[in-house]
Amino acid sequence: MDHDGRKTPLPKPSVQFLLFILATQLVNATISTSSCDFPAVFNFGDSNSDTGGLSAAFGQAPPPNGETFFHGPAGRYSDGRLVIDFIAQSLGLPYLSAYLDALGSNFSHGANFATGGSTIRPQNTTRHQSGLSPISLNVQSYQFNDFHLRTQTIRKAGGIFKELLPKPEAFSRGLYTFDIGQNDLTGGLLLNLSTQQVKASIPDILGQFKTVVKNVHDKGGRYFWIHNVGPIGCLPYVLEHLPITAQEMDKVGCGNPFNELAQFFNSKLKDLVDRLREELPEAAITYIDIYKARYTLINQATKYGFEHPLRACCGHGGKYNYNTQVGCGGKVKSCKDPSVMIIWDGIHYTEAANRWVFDHIANGSFSDPSLSLQMACHRN
Ligand SMILES: *[C@@H]1O[C@H](CO)[C@@H](O)[C@H](O)[C@H]1NC(C)=O
Ligand SMILES: *[C@@H]1O[C@H](CO)[C@@H](O)[C@H](O)[C@H]1NC(C)=O
Ligand SMILES: *[C@@H]1O[C@H](CO)[C@@H](O)[C@H](O)[C@H]1NC(C)=O
Ligand SMILES: *[C@@H]1O[C@H](CO)[C@@H](O)[C@H](O)[C@H]1NC(C)=O
């Protein structure tokens, strides 16, 4: 119709014209796909993303942890922020409170169930024996279920509770992030299992991971952001505990057998993500190749302004400035300039390395599908 309301005969559209329309619509569909505006982040994991869980349960991570950014211990095993902190920050959300932290927590925009030393499978050793946390992924899942149910009841009381607890839509529109599995591999190796034996346990490990993802989906979660396992063979604590021969080292000095194990785990995790996409057609699941991001940084440290890629910043002696008996903290201080170091304490990464990894994963260049963090609610 014309603006004056008169009907005009429609011209017969040419094939070219129709193709043109189709093409512009496709372009528009891609461009106008809007940012997800995640109202919350719920995280499951180990020390790579623990923002205070282990500290709340078993005592604070000692200084100099936290020195660079928080100017004191902040429940994190790093001199500053973790990748999960940069994720929350870039989504415009506050840093995540640990579910286990009874003091000063604000869960209005999510919660963090991760604890240092967590595994996917429950372990048969105590934390004292192995350093592994009893708060394995299944326990984090129970905690999430409790959180999901009880926050909504408590929120109805109004007042301060309304301010501190998530709205119901935070659960359906929130981003569920996972960064766990590394300790299932290293834990097995440190208990003297061979890499073959650890490999044989991976189907069971991933079966338990799948159960937890499906539980979150049952509770209404739809957007998943899953980190794979990093290059464990480049970590001083692995290299010091499990000596390898020169032939087993790659050109950077990382242990091939351990990195191969991590990559094997990751390929199976990737297969699982593909299966989950089929089984959960309403879910958007992004798989992030943290291994590749971290290994790229370690392998090309100088190019990116870092030094001594395999040496701990906060440590004590030896080839890697890491001692299996004396950890970071107390008399063991940090290095002069953590901002040029990658490894923090022999097990974890510095804020500078975490920031580098975040900057490189956020735009989707290490993701499958290659969607940026802001777009991770869209199914490809
Ligand atoms: C909880 O955090 C949100 C988001 O940062 C903030 O708006 C709110 O004021 C906080 N509530 C309290 C009681 O601190
Ligand atoms: C712990 O022991 C149980 C019972 O023997 C076994 O099924 C399970 O796989 C063990 N867990 C680990 C992590 O080895
Ligand atoms: C693993 O083997 C080493 C070397 O033989 C031994 O010292 C250590 O106690 C063993 N660890 C466990 C958990 O069996
Ligand atoms: C993603 O960000 C990194 C770091 O800023 C940059 O080097 C890279 O080129 C970006 N990749 C894409 C595909 O935009």
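Residues numbered from 1 in each chain as written. Chains lettered and ligands numbered in written order. Predicted model: local features only at pLDDT ≥ 70, side-chain atom pairs only at ≥ 80, totals over all residues. Heavy atoms only, no water.

Per an unreviewed UniProt entry, the recorded name for the chain is Alpha-L-fucosidase, and the organism is Lactuca saligna. UniProt lists a comment for the chain under the heading Sequence similarities (unreviewed entry), and it reads "Belongs to the 'GDSL' lipolytic enzyme family." (UniProt positions renumbered as here; feature names shortened; annotations may be inferred.)

(A) Local environment of the state of the cysteines. Within the structure shown, the criterion is met by 4 disulfides. The residue that forms a disulfide with Cys313 is Cys335, at a sulfur-sulfur distance of 2.1 Å. What sets the handedness of the Cys313 and Cys335 disulfide is the S-S torsion sign, and at about -95° it is left-handed. Within this pair, whereas Cys313 is found in the loop between α12 (290-299) and α13 (351-361), its partner Cys335 is found in the loop between α12 and α13, the two being separated by 22 residues in sequence. By relative accessible area, Cys335 is classed as partly exposed at 24%. Sulfur-sulfur distance for the disulfide between Cys314 and Cys328 comes to 2.2 Å. When the S-S torsion is 90°, as for the bridge of Cys314 with Cys328, the disulfide is right-handed. (Disulfide = S-S within 2.5 Å. Helix = DSSP H or I, 4+ residues; strand = E, 2+ residues; numbered from the N terminus. Buried < 20%, exposed > 50% of the residue type's maximum accessible area, 1.4 Å probe, protein only.)

(B) Broad picture of unusual backbone geometry. Here the residue pair Pro63 and Pro64 is connected by a cis peptide bond, since its omega of 10° sits within 30 degrees of zero. Tracing the sequence through the fold places Pro64 in the loop between α2 (53-58) and α3 (83-90). Of note in this structure, Asp37 is not a glycine but carries a positive phi near 45°. Looking at the secondary structure, you find Asp37 in the loop between α1 (15-31) and β1 (41-45). Phi is positive for His308, close to 40°, though the residue is something other than glycine. Summarising the element assignment, His308 is placed in the loop between α12 and α13. For His308, a relative accessible area of 46% corresponds to the partly exposed category.

(C) Representation of the pairing of strand β5 (residues 284-288). Across the 5 residues of β5, 5 count as buried, placing the element largely inside the fold. Residues Ala284, Thr286 and Ile288 line one face of β5 and the alternating positions Ile285 and Tyr287 line the opposite face, and both faces are buried. Note: strand β4 (residues 223-227) against β5, 5 bridges, orientation parallel. Residue pairing in the sheet places Tyr223 in a bridge with Ala284 of β5. Pairing geometry for β5 and strand β6 (residues 367-368), over 2 bridges, is antiparallel. Residue pairing in the sheet places Tyr287 in a bridge with Asp368 of β6. (Pairing = 2+ DSSP bridges.)

(D) Representation of the packing of aromatic side chains in the model. In the structure shown here, the tally under the stated rule is 25 aromatic pairs. Geometrically, the ring pair formed by Phe42 and Phe144 is edge-to-face, given 6.1 Å between the ring centres and 70° between the ring planes. With Phe42 in strand β1 and Phe144 in helix α5 (residues 137-155), this pair connects stretches of sequence that are 102 residues apart. Ring centres 6.1 Å apart and planes at 65° place the aromatic pair Phe147 and Phe171 in the edge-to-face group. Here Phe147 is found in helix α5, whereas its partner Phe171 is found in helix α7 (residues 168-173), with 24 residues between them in sequence. Taken individually, Phe147 and Phe171 each receive the classification buried, so the pair is uniform in this respect. These aromatic residues form a ring-pair network of at least three members: Phe42, Phe44, Tyr99, Phe107, Phe113, Phe144, Phe147, Phe171, Tyr176, Phe178, Phe209 and Phe224. A cation sits over an aromatic face here: Arg127 above Phe58, 4.5 Å from the ring centre. (Phe/Tyr/Trp six-rings, centres within 6.5 Å; stacked < 30°, edge-to-face > 60°. Lys NZ or Arg CZ within 6 Å of the ring centre and 35° of its normal.)

(E) Looking closely at the nonpolar core. Core analysis: the largest hydrophobic core is formed by 90 residues, its most contacted members being Phe178 and Phe209. Among residues more than four places away in sequence, those in contact with Phe178 are Asn43, Phe44, Phe209, Val212, Val213, Val216, Phe224, Trp225, Ile226 and His227. In terms of nonpolar packing, the next biggest core, distinct from the first, is built from 7 residues, Cys313, Cys328, Val332 and Trp344 among them. (Core = buried A, V, L, I, M, F, W, Y, C linked by side-chain atoms within 4.5 Å. Contact = heavy atoms within 4.5 Å.)

(F) The arrangement of the side chain of Glu351 in detail. Within the secondary structure layout, Glu351 lies in helix α13. Of the polar contacts made by the side chain of Glu351, one reaches the backbone nitrogen of Arg81; its length is 2.6 Å. Residues in contact with Glu351, not counting those within four places in the same chain, are Thr68, Phe69, Ser78, Asp79, Gly80, Arg81 and Phe86. (Polar contact = N/O pair within 3.5 Å; in protein donor to acceptor, adjacent residues only side chain to side chain.)

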